[in-house]
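This is what each chain is made of:
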Amino acid sequence: MPKTTLNKDEVKAMLTLVADRIIAAEPLLSEADRNLGDGDHGLGMQRGMNAAKEKLSDESIEKAFSSVGMAMMSSMGGASGAIFGTMFRNGGKALAGKEEFDAAGLAILLQAGLEGVKSRGGAAVGDKTIVDSLEPAAVKAQEVTGASLIDAVTAVETAALEGLEASKAMVAKFGRAKTLGEGAIGFPDAGAMSLTIIVGAMKEYIAA
């Protein structure tokens, strides 16, 4: 039966599953990045999530998310470490004082994460980055704050996947993919793909 809210221990367990799913997706993420960039995104995310599992805090909901962000920032380096680290850290900070994680908390997490990512990297929807999945996910989360947690995260995952699909048609504005011009068309962004895996793992845990 799907969980209606998560306490701090359940949030930690959910984030452990998120880490495991990203680690397992390394070949998929590396292939996606090879089509557009250095090909190191999958290995970087794998390293970041291995570090996150070691540092994952069960002190509070805020600390659980923030500890993932800090571990990713310190272990990954590069743009992905900064972007995903900021997303988790800022999202966690915005949940300070929350005793339960529900649909409203999901919206707070994604909106704060989005704002942090956009402020750090300067990307917008259409630039072929994580923002192409993260922004529609955050917008959808705001629309479903009154829904059950499982319905909210399902709607958010759909929005993120639609954003990932849309990224295939885009010319990249950032990173090595920018040098490909129209050669980037037809391939999804690896960062957006990572975001969909993260949200999908959250849904998997909440649904169980």
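Our subject is the structure listed above.
Residues numbered from 1 in each chain as written. Predicted model: local features only at pLDDT ≥ 70, side-chain atom pairs only at ≥ 80, totals over all residues. Heavy atoms only, no water.

Engineer: For this particular structure, what's the right way to read the overall build of the protein?
Structural biologist: A count of helical and extended segments in the protein gives nine helices and zero strands. Counting from the amino terminus, helix and strand elements in the protein follow one another as α-α-α-α-α-α-α-α-α. Computed over its C-alpha atoms, the radius of gyration of the protein comes to 16 Å, within 12% of the 17 Å expected for a compact globule of 208 residues. Reported as C-alpha extents along the three principal axes, the dimensions of the protein are approximately 45 × 35 × 30 Å. Residues classed as buried in the protein amount to 51% of the 208 residues present. Here the contacts in the protein between residues at least 6 apart in sequence split such that 70% fall between residues at least 24 apart. The protein carries 21 positive and 27 negative side-chain charges, and their two centres are separated by 4 Å. (Helix = DSSP H or I, 4+ residues; strand = E, 2+ residues; numbered from the N terminus. Rg over C-alpha atoms; globule rule 2.2 N^0.38 Å. Buried < 20%, exposed > 50% of the residue type's maximum accessible area, 1.4 Å probe, protein only. Contact = heavy atoms within 4.5 Å. Lys, Arg positive; Asp, Glu negative; His and termini not counted. Charge placed at Lys NZ, Arg CZ, Asp CG, Glu CD.)

Engineer: Please explain helix α6 (residues 103-121) as it appears in this structure.
Structural biologist: The periodicity of an α-helix, 3.6 residues per turn, causes residues three or four places apart in sequence to face the same way. For α6, with 19 residues, the first-to-last C-alpha span of 27 Å sits near the 27 Å given by 1.5 Å per residue. Burial in α6 covers these residues: A103, G105, L106, A107, L109, L110, A112, G113, L114, G116 and V117. Its buried side turned inward, α6 meets α4 (61-76), α5 (78-94), α7 (131-143), α8 (149-167) and α9 (190-207). Two or three places before A104, at the start of α6, stands the capping residue D102, its side-chain oxygen 3.2 Å from that residue's backbone nitrogen. In the stretch just after α6, G122 is the one whose phi turns positive, near 80 degrees. (Expected span 1.5 Å × (residues − 1). Polar contact = N/O pair within 3.5 Å; in protein donor to acceptor, adjacent residues only side chain to side chain.)

Engineer: Just to check I follow, could you spell out the side chain of K3 for this structure?
Structural biologist: Inspection of the secondary structure puts K3 in the segment before α1 (8-24). Reaching out from K3, the side chain makes a polar contact with the backbone oxygen of Y205 at a distance of 2.9 Å. Not counting residues up to four positions away in its chain, the partners in contact with K3 are E10, L149, Y205, I206 and A208.

Engineer: I tried to follow the packing of α6 against α7 on my own but got confused; where do I start?
Structural biologist: Relative orientation and spacing of two packed helices are given, respectively, by the angle between their axes and the distance between those axes. In contact at an axis separation of 8 Å, α6 and α7 are set at 145 degrees when each is read in the N-to-C sense. As for the relative orientation of α6 and α7, their crossing is left-handed in sense. Taking contact as the criterion, the partners of L106, A107, L110, Q111, G113, L114, V117 and K118 in α6 are, on α7, V131, L134, E135, A137, A138, A141 and Q142. Taken together, the residues of the contact of α6 with α7 break down into ten nonpolar, three polar and two charged. (Axes fitted to C-alpha atoms, helices over the stretch in contact; angles between N-to-C directions. Left-handed = near helix turned anticlockwise from the far one by under 90°. Nonpolar A, V, L, I, M, F, W, Y, C, P; charged D, E, K, R; others polar.)

Engineer: What exactly am I supposed to notice about unusual backbone geometry here?
Structural biologist: Negative phi is the rule for most residues except glycine; trans is the rule for most peptide bonds. Even without being glycine, K128 reaches a positive phi, approximately 65 degrees. Here K128 lies in the loop between α6 and α7.

Engineer: Just to check I follow, could you spell out the environment of T196 for this structure?
Structural biologist: Here T196 is to be found in helix α9. Considering only alpha carbons, one finds T196 and I130, 66 residues apart in sequence, at a separation of 9.3 Å. Leave out the neighbours within four places in its chain, and T196 touches S133, A160, L161 and L164.

Engineer: Sorry if this is basic, but what is going on with the layout of surface pockets here?
Structural biologist: Sizing a probe to match a water molecule and rolling it over the atoms shows the empty space that remains. One number sums up the size of the largest pocket: a volume of about 750 Å³. Contributing to the lining of the largest pocket are 31 residues, with D33, H41, A79, S80 and G175 lying nearest its centre. Every element with two or more residues in the lining of the largest pocket is listed here: α3 (41-55), α5, α6 and α9. It is α5 that provides the largest number of residues to the lining of the largest pocket, a total of five residues. (1 Å grid on protein atoms, 1.4 Å probe; cavity = no way out; pocket = protein on both sides within 12 Å on 5 of 7 lines; lining within 4 Å. Points joined across faces, edges and corners; volume = space filled by probe spheres on them.)

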